[in-house]
Number of protein chains: 2
Amino acid sequence: MASGRILRVDMTNLKVVVEDSPPEYEWLGGRGLMARVLNREVPPTGHPLGKYNKLIFAPGLLAGSHFPSSGRLSVGFKSPMTGGIKECNSGGPAGQKLGRLGIKAIILEGQPADNTLYVIKVTKGGAAILPADGLAGLNNYAVAKELRAIHGENVSVLTIGTPGERKASMATIACTDMDGMPSRALARGGPGAVMGSKGVKAIVIDDTEAKPVAAKRAEAFRELVKEYATFLDENKGAGLIRAYGQMGGLVWISDRNHSLPVRNFTSGTFEGASKIGGKEAIGYLTSRGSEWGIACMSGCLQRCSNIVRDKEGNYLTAALEYETAALLGANLGIDDIYAIAAMSRLDDDYGLDDIEMGVTLGVAVAAGLMNFGDSNKAIALINEIGQDTNLGRILGEGAAVTARAFGISRVPVIKGQAMPAHDPRVEHGTGVTYCTSPVNDHTAGPVLMRQPTTAQAVQASKQAQIDMAIVDSLGLCMVAFTDRAYPMKKVTEVINAQYGQDFNLDDVQQMGKAVLKEERAFNLNAGLAPGADRLPEFLKEEPLPPSNLVFDVPDSEIDAFWDF
Amino acid sequence: MASGRILRVDMTNLKVVVEDSPPEYEWLGGRGLMARVLNREVPPTGHPLGKYNKLIFAPGLLAGSHFPSSGRLSVGFKSPMTGGIKECNSGGPAGQKLGRLGIKAIILEGQPADNTLYVIKVTKGGAAILPADGLAGLNNYAVAKELRAIHGENVSVLTIGTPGERKASMATIACTDMDGMPSRALARGGPGAVMGSKGVKAIVIDDTEAKPVAAKRAEAFRELVKEYATFLDENKGAGLIRAYGQMGGLVWISDRNHSLPVRNFTSGTFEGASKIGGKEAIGYLTSRGSEWGIACMSGCLQRCSNIVRDKEGNYLTAALEYETAALLGANLGIDDIYAIAAMSRLDDDYGLDDIEMGVTLGVAVAAGLMNFGDSNKAIALINEIGQDTNLGRILGEGAAVTARAFGISRVPVIKGQAMPAHDPRVEHGTGVTYCTSPVNDHTAGPVLMRQPTTAQAVQASKQAQIDMAIVDSLGLCMVAFTDRAYPMKKVTEVINAQYGQDFNLDDVQQMGKAVLKEERAFNLNAGLAPGADRLPEFLKEEPLPPSNLVFDVPDSEIDAFWDF
């Protein structure tokens, strides 16, 4: 049975309550669990930074098992950026650790009366609320270092930087990687702001003495792991991801798919693409001391991540991924990969979302605050946020607010949140996901290939969103599953082997559909009508070079997405 | 027949087209007409500052007639602040002039490719688009003076200040008063930003040679005017308004009704009330050279307005009203009426909404930017907006964005727009209006008196909103109609006499209901679900001293408002 404990951390009264997960949460994990808890426990029209919002950390149903790449961690909350439900999802070892500790969810509730900051320490015995002595005002690299020095090198740390303390909407929750660096993030829609509003500077997860969760049908499980390993060895896409990681695909997206965000979404292809992604750029970086093929959690067979070192060989950043290179690079006309890495390092340290940042700085160009290609100015603007200037207060709220402050009407946002690095004028299916996904993200249903008809784009988005709702509920890594090339039927067998069940593919698809409907219910109750499911008008009328396509999925087809 | 011309001003191609109003607009005017045009012509999910939004100026159905106080001017648009439909409504002579010119609406459409600013001149012959030579960068008092020097002292001028040029969400459209001063405003939800986005710095209305619109049943009409005059002479409320204007009621609202916004909505009563409103304050001002009993349009029998002079007797501002004194005064803990008048003058000159400003500065106190009672700092913060600093860019977006920029979750806004000066914890009916009014304002349905039950509060709001939709569609002044004490049956007779019709009271009530439903349709299509019709949570749980009431109308009763 998929049972476990729920740790409720009451930040109003500074008390922790450990509950057994109720039976109705049995087959809910990760994204599915956060959606159910949010709908049950959080008033949908409350203020995102108020005491009634909750921050729900939930590993997936397979977390702590021996299945590879099953330790992604979800966090759910009402977003200060969109006003709707938001789920973010990160790699790193934290999810696995929670799975091993038998924790289905950590729920941060309430908020302290004063501005005191706390650290939550989670162990086998439960959780404790500790003072955050000396951590206030520090950013993520310093906080992670400090907390690992105190609590041991093997703990996972989830932490917010100073923008999170100030509740900037762009603030992330950084997650330490296998080396203890806060290079990964629960990034989008303001989870760091919500954590700041709870008075929580960091969560330390110590799984000392915890053990992996054994499969009920051990033999079948072992066989499935073996099959999966073979699949990865033989699948061409999986091979490319293993060799080059996510940044590897950037040149294809630029030069073949023509859906890269370039210079504030004015082109789909970038002349500097090979300098910031693909084989060539990765070869250049690795020849100068950077490492590719890094795993973000133990047991990963894909190892798509990286460690980037500067030209002198010093650690600069880790987990430099496609979205970062695309939005902090191409979207700003910047083709200097070291500058992009430095920007991403700054974002990781302050705890700021690379995607929102790249789009916001694109808007900043339109506002006359910087020019395309000027990485020094881009870095200066990131520092405005980190250093809490008035300009930084604007930028830190993201692209939509920056556009408002500067009177700009061409804004690449959807429901107030920046558009990811897949231009929907080519990727119509991804565009449908942007419109309809209640959690408002590309990872909730990416459809990279152009579809022959708009109806097929809607259908492709629907299937991708259902599958991803399952993947995100199990804690699986979409990248390790090669953008869903690994069959969902096999995933069903993994669940059955782990839990000794007999679900069929349709049962699991129904779980995915139920997650989407649960999420959408929150948004409708929060005041977001179907009319909010629309892309900005410029995408419908500015043809994107070189394909010269526009986003032409009719509103009626978008609304009909929900007929399932 | 209530026909007339529609002037379409195409700011993309810089062309004016004059159309006869189509038959289906026959019985639509003012607010009702703007709602219909917006629903027919403006894509509800378009960007408020984009080329598809329209700015619809429409006088009421009685504009230009001989009925007193029937010349209010409506403007409608999709609001950059709320994302929904917005109507603002102002006194001054402009509406009468348009009525006399036989103009049912001026519709500003499209936008220029560059940032050039224009002046629209409206005359008996139609409209012309003129260059705004030398006006860019000037604020409203200078612009109005300049344009009256060029076009004659008798023209009405609608103008935006520099924040409007920059498309600040708080930007108003100033309207000149009987003395040619830009003391009145189409104020709320960002009409000045939308006018700025159209490249229109000002509209000059010259009604030379135009004549009042004669009533079809002249005798009955004269009789009704006489009856109305008698009603005003005999009605106690009308007498108070004539004597003291709108500021007159402030002490009652503070000391008896306990629904004044005080120190960022933390109290309903203000110890300095008699210094900033009521008999005493008005006596003080008039004894030092200010004038009360000023009419904002010719023929007004109530003359609720004023001209405020400084202690040396120099003109300071005009039309200093209740909302201004309440929100720039009590809500900021400021009891210096001259300081409040100076702030309001600054707002009028820059073209900024007093209501949004007062609430924003209340939030600024919570953000640590100023202290209650510090009028010098308040003036400095208004100047930040006028002078376009980065802090001004934040404040200029209003209370909701300011709260976001400073991480504040207790925010007196509804649908992203500042709450007016009637605390809904006492005025439950007004609170229902705040929640449900699609145009999002207190004037759309004020219910000052506390109602015995929440159901009665909903009912009172409903009737008030229906009546106000009628009043705003006719161009009548709610104040001159003594907050609707003048019977709607009589209003029906006025329409019949003017137009030679035989509507009954129910016909006219249906017109009001239709306006509300028309407006609500736009919001639903724009993406605002019923969940958006909610007050901020602090109003439901922070008891308001001294009544210690909260806003306790259940969500279900609020949603049931629309069952009609």
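In this text the structure is predicted, and so the values were computed from the model without any measurement.

Colleague: When you look at the overall build of chain A in this model, what are you seeing that I'm missing?
Modeller: Within chain A, the regular secondary structure consists of 22 helices and 17 strands. With respect to the principal axes defined by its C-alpha atoms, chain A has extents near 55 × 50 × 50 Å. Buried positions account for 65% of the 564 residues belonging to chain A. Contacts in chain A between residues far apart in sequence, at least 24 positions, make up 69% of those at least 6 positions apart. Here chain A holds 56 positive side-chain charges and 64 negative ones, and the gap between their average locations is 2 Å.

Colleague: Where do I start with the packing of helix H17 (residues 428–436) of chain A against helix H18 (residues 454–474) of chain A in this structure?
Modeller: The relative placement of two packed helices comes down to the angle between their axes together with the axis-to-axis distance. All names here are of chain A. Interhelical geometry of H17 versus H18 gives an angle of 60° and a closest axis separation of 8 Å. Compared by their axis directions, H17 and H18 come out oblique. Where H17 crosses over H18, the handedness of that crossing is right-handed. Listed contacts from H18 to His428, Gly429, Val432, Thr433 and Thr436 of H17 are Ala457, Val458, Ser461 and Gln465. A class-by-class count of the residues in the contact of H17 with H18 yields three nonpolar, six polar and no charged.

Colleague: Could you clarify how one ought to interpret the sheet that holds strand E12 (residues 200–205) of chain A in this entry?
Modeller: Residues and elements named next belong to chain A. With mixed pairing, the six strands of this open sheet are ordered in space as E8-E7-E12-E9-E10-E11. Looking at the sheet topology across the chains shown, the edges are occupied by strand E8 (126–131) and strand E11 (184–186). Each adjacent strand pair in this sheet contributes to an overall mean axis angle of 20°, direction not counted. As paired strands, strand E7 (residues 118–123) and E8 are joined by six bridges and run antiparallel to one another.

Colleague: Explain the nonpolar core here, please?
Modeller: Proteins that are soluble and globular tend to have nonpolar side chains buried together. With 213 residues, the main nonpolar core has Phe67, Leu260 and Leu361 of chain A together with Phe67, Leu260 and Leu361 of chain B as its most contacted residues. Discounting residues that sit within four places of it in the chain, Phe67 of chain B has contacts with Phe221, Leu224, Val225, Tyr228, Leu476, Phe481, Tyr486 and Val494 of chain B. By size, the runner-up hydrophobic cluster in this structure holds 32 residues, among which are Leu7, Cys88, Leu158 and Met195 of chain A.

Colleague: Sorry if this is basic, but what is going on with the relation of the copies chain A and chain B here?
Modeller: Note: a rotation about an axis with an accompanying shift along it relates these two copies of the chain. The two copies are related by a screw motion: chain A maps onto chain B through a turn of 180° and a shift of 0.0 Å along the axis, at an RMSD of 0.0 Å. In the structure described here, the two chain copies are related by an operation that fits a two-fold rotation axis. In terms of C-alpha distance to the rotation axis, chain A has Ala529 of chain A as its closest residue, with the C-alpha 2.2 Å off the axis.

Colleague: Can you walk me through helix H14 (residues 375–386) of chain A in this structure?
Modeller: Every α-helix winds through 3.6 residues per turn, so residues three or four apart in the chain are directed the same way. Residue and element names in this part refer to chain A. Taking 1.5 Å per residue as the helical rise, H14 with its twelve residues ought to reach 16 Å, and the 16 Å between its terminal C-alpha atoms agrees with that figure. Among the residues making up H14, those that are buried are Ser375, Ala378, Leu381, Ile382, Asn383, Ile385 and Gly386. Each element contacted by the buried residues of H14 is listed here: helix H4 (162–165), helix H12 (337–350), helix H13 (354–366) and helix H15 (390–395). For H14, the N-terminal cap is Asp374; the gap from its side-chain oxygen to the backbone nitrogen of Asn376 is 3.3 Å. Directly after H14, the chain includes Asp388, whose backbone phi takes a positive value near 60°.

Colleague: Before we go on, may I ask you to explain the environment of Gly272 of chain A in this structure?
Modeller: Residues and elements named next belong to chain A. For Gly272, the location among the structural elements is in the loop between helix H8 (250–257) and helix H9 (273–276). Given the relative accessible area of 4%, Gly272 is considered buried. Between the C-alpha atom of Gly272 and that of Phe406, which follows or precedes it by 134 residues, the distance is 29 Å.

Colleague: So what exactly am I meant to see when it comes to the pairing of strand E5 (residues 85–90) of chain B here?
Modeller: Regular strands have side chains that alternate between both faces of the sheet. Residue and element names in this part refer to chain B. Counting buried residues along E5, six of its six residues qualify, which places the element largely inside the surrounding structure. Residue alternation in E5 divides its side chains into two sets, Ile85, Glu87 and Asn89 and Lys86, Cys88 and Ser90, and both sets are buried. Examined bridge by bridge, strand E4 (residues 73–78) and E5 share six bridges and lie antiparallel to one another. Counterpart to Leu73 in the pairing with E5 is Ser90. Counting the residues that bridge the hairpin from E4 to E5 gives six residues, and of these Gly83 lies at a positive phi of roughly 75°.

Colleague: Can you help me understand the sheet that holds strand E14 (residues 305–309) of chain B in this one?
Modeller: Think of a sheet as strands paired side by side through backbone hydrogen bonds, with each pair either parallel or antiparallel. All names here are of chain B. Overall, antiparallel pairing links the three strands, which are arranged E13-E14-E15 in an open sheet. Of all the strands in the sheet, just strand E13 (291–294) and strand E15 (315–318) have a single pairing partner and so form its edges. Looking at each pair of strands side by side, their axes are set apart by 25° on average, direction ignored. Examined bridge by bridge, E14 and E15 share three bridges and lie antiparallel to one another. By the bridge assignment for E15, Val308 is matched with Thr317.

Colleague: Whenever I open this one, helix H7 (residues 236–244) of chain B confuses me. Can you help?
Modeller: Backbone nitrogen of Gly237 of chain B and a side-chain oxygen of the N-cap are separated by 2.9 Å at the start of H7 of chain B; the cap is Asn235 of chain B. Where H7 of chain B ends, the next residue or the one after it, Gly245 of chain B, has phi of about 70°, a positive value.

Colleague: Please explain the packing of helix H6 (residues 218–234) of chain B against H7 of chain B as it appears in this structure.
Modeller: All names here are of chain B. Across the interface, H6 lies against H7 with an axial gap of 5 Å and an inter-helix angle of 80°. Classified by the angle their axes make, H6 and H7 are roughly perpendicular. For the pair formed by H6 and H7, the contact residues are Leu232, Asp233 and Glu234 on the first element and Lys236, Ala238, Gly239 and Arg242 on the second. Grouping the amino acids of the contact of H6 with H7 by side-chain chemistry returns two nonpolar, one polar and four charged.

Colleague: I would appreciate a short explanation of the interface of chain A and chain B in the present structure.
Modeller: You'll often see interface size given as the accessible area lost when the parts meet. Listed as interface residues are 36 residues of chain A and, on the opposing side, 36 residues of chain B. In total, about 3000 Å² of surface goes out of reach between chain A and chain B, with carbon and sulfur atoms giving 48% of it. Counting the surface chain A buries against chain B, the share from its top three residues, Arg393, Arg404 and Glu537 of chain A, is 22%. If you look at where chain A meets chain B, you find four salt bridges. Where Arg404 of chain B meets Glu397 of chain A, a salt bridge forms, and the shortest distance between an N and an O atom there is 2.8 Å. Taken together, the links from chain A to chain B amount to 14 residue pairs in polar contact (both at pLDDT 80 or more). For the side of chain A that touches chain B, the secondary structure elements donating two or more residues are H15, helix H16 (399–405) and helix H20 (505–526) of chain A. Here the element with the most residues in the side of chain A that touches chain B is H15 of chain A; it accounts for four residues.

Cut-offs applied
Residues numbered from 1 in each chain as written. Chains lettered and ligands numbered in written order. Predicted model: local features only at pLDDT ≥ 70, side-chain atom pairs only at ≥ 80, totals over all residues. Heavy atoms only, no water. Helix = DSSP H or I, 4+ residues; strand = E, 2+ residues; numbered from the N terminus. Buried < 20%, exposed > 50% of the residue type's maximum accessible area, 1.4 Å probe, protein only. Contact = heavy atoms within 4.5 Å. Lys, Arg positive; Asp, Glu negative; His and termini not counted. Charge placed at Lys NZ, Arg CZ, Asp CG, Glu CD. Axes fitted to C-alpha atoms, helices over the stretch in contact; angles between N-to-C directions. Parallel < 35°, antiparallel > 145°, perpendicular 65-115°, else oblique. Left-handed = near helix turned anticlockwise from the far one by under 90°. Nonpolar A, V, L, I, M, F, W, Y, C, P; charged D, E, K, R; others polar. Pairing = 2+ DSSP bridges. Core = buried A, V, L, I, M, F, W, Y, C linked by side-chain atoms within 4.5 Å. Least-squares fit on C-alpha atoms with pLDDT ≥ 70 in both. Expected span 1.5 Å × (residues − 1). Polar contact = N/O pair within 3.5 Å; in protein donor to acceptor, adjacent residues only side chain to side chain. Buried area = accessible area lost by both parts, 1.4 Å probe. Salt bridge = Lys/Arg side-chain N within 4 Å of Asp/Glu carboxyl O.

Function-wise, these values are silent; they only describe arrangement.
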